[in-house]
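Coordinate inspection notes
Chain by chain, the residues run as shown.
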Amino acid sequence: MTDESGGNRILPAITVIALFAVMAATFLSANFAEATGFPEGESIVHNVGYALFNLGEAASIPSEGFLAAFLIVAVALDVAVDGAIYLARREDGGSVSAAIGEALTDGGRDGGER
């Protein structure tokens, strides 16, 4: 079994099969505890919000706080959006212009006709 470049595809196939066997054995041998569920009549949505913002004293269902994770994800998404905006802008002759503002719909050909 070889591909067009002459590389061998047996080793990756064996690796995938071994990884599947390890994951299947791990899953099948795991002992899961009995599902407990939530108390009757409690608002799960409110308690998730309290847990998200680390307001455990207001929650009726005890949980751990996720404020640090929430803030880290918020900052990472903000950096990603700022980076995308920065990369979408380009400089033309010393001035910054938006890349989408001057898009050529004809593929950049002169005259626009074929």
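Residues numbered from 1 in each chain as written. Predicted model: local features only at pLDDT ≥ 70, side-chain atom pairs only at ≥ 80, totals over all residues. Heavy atoms only, no water.

**Things to note about the confidence of the model for the chain**
Of all residues in the chain, 72% attain a pLDDT of 70 or more, and the chain-wide mean is 80. For the chain, per-element mean pLDDT is lowest for strand β2 (residues 95-98), which scores 58, and highest for helix α1 (residues 10-29), which scores 95. (pLDDT = per-residue confidence, 0-100. Helix = DSSP H or I, 4+ residues; strand = E, 2+ residues; numbered from the N terminus.)

**Examining the environment of tyrosine 50**
Mapping tyrosine 50 onto the fold places it in helix α2 (residues 44-52). With residues up to four places along the chain from it excluded, the contact list for tyrosine 50 reads Leu55, Gly56, Ala58 and Ala59. (Contact = heavy atoms within 4.5 Å.)

**Details of the UniProt feature "transmembrane region" (unreviewed entry) in the chain**
Summarizing the sequence annotation, UniProt attributes the feature "transmembrane region" (unreviewed entry) to residues 12-33 and 66-88 in the numbering used throughout. Regarding residues 12-33, the helix share stands at 82% and the strand share at 0%, and the terminal C-alpha atoms are separated by 36 Å. Helix makes up 96% of residues 66-88 and strand 0%, with an end-to-end C-alpha separation of 33 Å. (UniProt positions renumbered as here; feature names shortened; annotations may be inferred.)

**A few points about unusual backbone geometry**
Within the chain, asparagine 54 stands out as a residue other than glycine whose phi angle is a positive 60 degrees. Looking at where asparagine 54 falls in the secondary structure, it is placed in the loop between α2 and α3 (67-88). Among the residues examined, asparagine 54 registers a relative accessible area of 44% and is labelled partly exposed. (Buried < 20%, exposed > 50% of the residue type's maximum accessible area, 1.4 Å probe, protein only.)

**Topic: a nonpolar patch on the surface**
A contiguous nonpolar patch, built from Leu52, Phe53, Leu55, Phe66, Phe70 and Leu71 and spanning about 510 Å² of accessible area, is present on the exposed surface. Position of leucine 52 relative to the elements: it lies in helix α2. Look at leucine 52 and you get partly exposed, because its relative accessible area is 31%. (Patch = residues over 30% accessible without salt bridge, like charges linked within 9 Å, V, L, I, M, F, W, Y side chains within 5 Å. Areas by Shrake-Rupley, 256 points an atom, 1.4 Å probe, with all protein chains shown as cover. Salt bridge = Lys/Arg side-chain N within 4 Å of Asp/Glu carboxyl O.)

**Overview of α1**
Taking 1.5 Å of rise per residue, the 20 residues of α1 would be expected to cover 28 Å, and the 28 Å separating its terminal C-alpha atoms lies within 8% of that figure. Where burial is concerned, little of α1 is hidden: 0 out of the 20 residues are buried. (Expected span 1.5 Å × (residues − 1).)

**Details of the packing of aromatic side chains**
This structure, assessed with the given rule, holds 2 aromatic pairs. Between the aromatic rings of phenylalanine 27 and phenylalanine 32, the centroid separation amounts to 6.1 Å while the plane-to-plane angle is 55 degrees, which identifies the pairing as tilted. For the pair shown, phenylalanine 27 and phenylalanine 32 are each scored as exposed. Taken together, a centroid distance of 5.1 Å and an interplanar angle of 75 degrees make the contact between phenylalanine 53 and phenylalanine 70 edge-to-face. A residue pair is termed long-range when its members are at least 10 positions apart, and phenylalanine 53 in the loop between α2 and α3 and phenylalanine 70 in helix α3 qualify at 17 residues. Classification of phenylalanine 53 as partly exposed rests on a relative accessible area of 41%. The exposure class of phenylalanine 70 is partly exposed, given its relative accessible area of 33%. (Phe/Tyr/Trp six-rings, centres within 6.5 Å; stacked < 30°, edge-to-face > 60°.)

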